[in-house]
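# Secondary and tertiary structure notes
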Amino acid sequence: WSAFFKLGGTYGRTKVTAEDASGLPTGVAKGWGGSYGAGLSYEVARSSVLVLEWERHDFRFQGQGKREVQMTTLGYRYKF
């Protein structure tokens with residue numbers, strides 16, 4: 001088992017579309033935001049690793065400012 005942490009930045013571009021009657025702000029926003037995360041990995045065999053990871057990114061949305069977007073992934077890594 002091993003654990004890891006991540007800290008950095010993400011450049012993102014978001015596009016919001018909605019019906020005019022909804023009253024929601026629409027359009028494109030882009031820019032830099034902070035990001036961080038953590039995860040665990042388990043070496044199943046010398047060349048096979050299972051990875052569970054959680055990340056949080058800050059993205060800008062048109063008319064709403066910065067919002068956090070979270071992501072959890074489960075992956076498999078093969079080393080050769």
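Everything in this summary refers to the structure shown in the same document. (Residues numbered from 1 in each chain as written. Predicted model: local features only at pLDDT ≥ 70, side-chain atom pairs only at ≥ 80, totals over all residues. Heavy atoms only, no water.)

## With respect to the overall build of the chain
Along the chain, the regular secondary structure elements total 0 helices and 4 strands. Computed over its C-alpha atoms, the radius of gyration of the chain comes to 18 Å, more than 25% above the 12 Å expected for a compact globule of 80 residues. Taking the principal axes of its C-alpha atoms as reference, the chain extends roughly 55 × 25 × 20 Å. Evaluated residue by residue, the chain yields a buried proportion of 25% over its 80 residues. In the chain, the proportion of contacts linking residues at least 24 apart, taken out of those at least 6 apart, comes to 46%. Carbon and sulfur atoms make up 56% of the accessible area of the chain, which amounts to about 6100 Å² in all. Computed over 11 positive and 7 negative side-chain charges, the separation of the two mean positions in the chain equals 7 Å. (Helix = DSSP H or I, 4+ residues; strand = E, 2+ residues; numbered from the N terminus. Rg over C-alpha atoms; globule rule 2.2 N^0.38 Å. Buried < 20%, exposed > 50% of the residue type's maximum accessible area, 1.4 Å probe, protein only. Contact = heavy atoms within 4.5 Å. Areas by Shrake-Rupley, 256 points an atom, 1.4 Å probe, with all protein chains shown as cover. Lys, Arg positive; Asp, Glu negative; His and termini not counted. Charge placed at Lys NZ, Arg CZ, Asp CG, Glu CD.)

## A short note on the environment of Ala-38
Among the structural elements, Ala-38 can be located in strand β2 (residues 27-45). Note: C-alpha distance between Ala-38 and Glu-53 (15 residues apart in sequence) is 5.9 Å. Beyond its immediate stretch of four places on either side in the chain, Ala-38 contacts Phe-4, Phe-5, Leu-52, Glu-53 and Trp-54.

## Observations concerning the packing of aromatic side chains
Throughout the structure, instances matching the rule amount to 4 aromatic pairs. Ring geometry for Trp-1 and Tyr-42: centres 4.8 Å apart, planes at 40°, overall tilted. Residue Trp-1 is located in the segment before β1 (2-16), and its partner Tyr-42 is located in strand β2; the two are separated by 41 residues in the primary sequence. With relative accessibility at 76%, the residue Trp-1 sits in the exposed group. (Phe/Tyr/Trp six-rings, centres within 6.5 Å; stacked < 30°, edge-to-face > 60°.)

## Examining the pattern of salt bridges
Any two side chains of opposite charge can pair if their charged atoms end up close together. Scanning all chains against the criterion turns up 5 salt bridges. We note a salt bridge from Arg-56 to Asp-58, for which the minimum N-O separation is 3.2 Å. When sorted by exposure, Arg-56 lands in the same class as Asp-58, which is buried. (Salt bridge = Lys/Arg side-chain N within 4 Å of Asp/Glu carboxyl O.)

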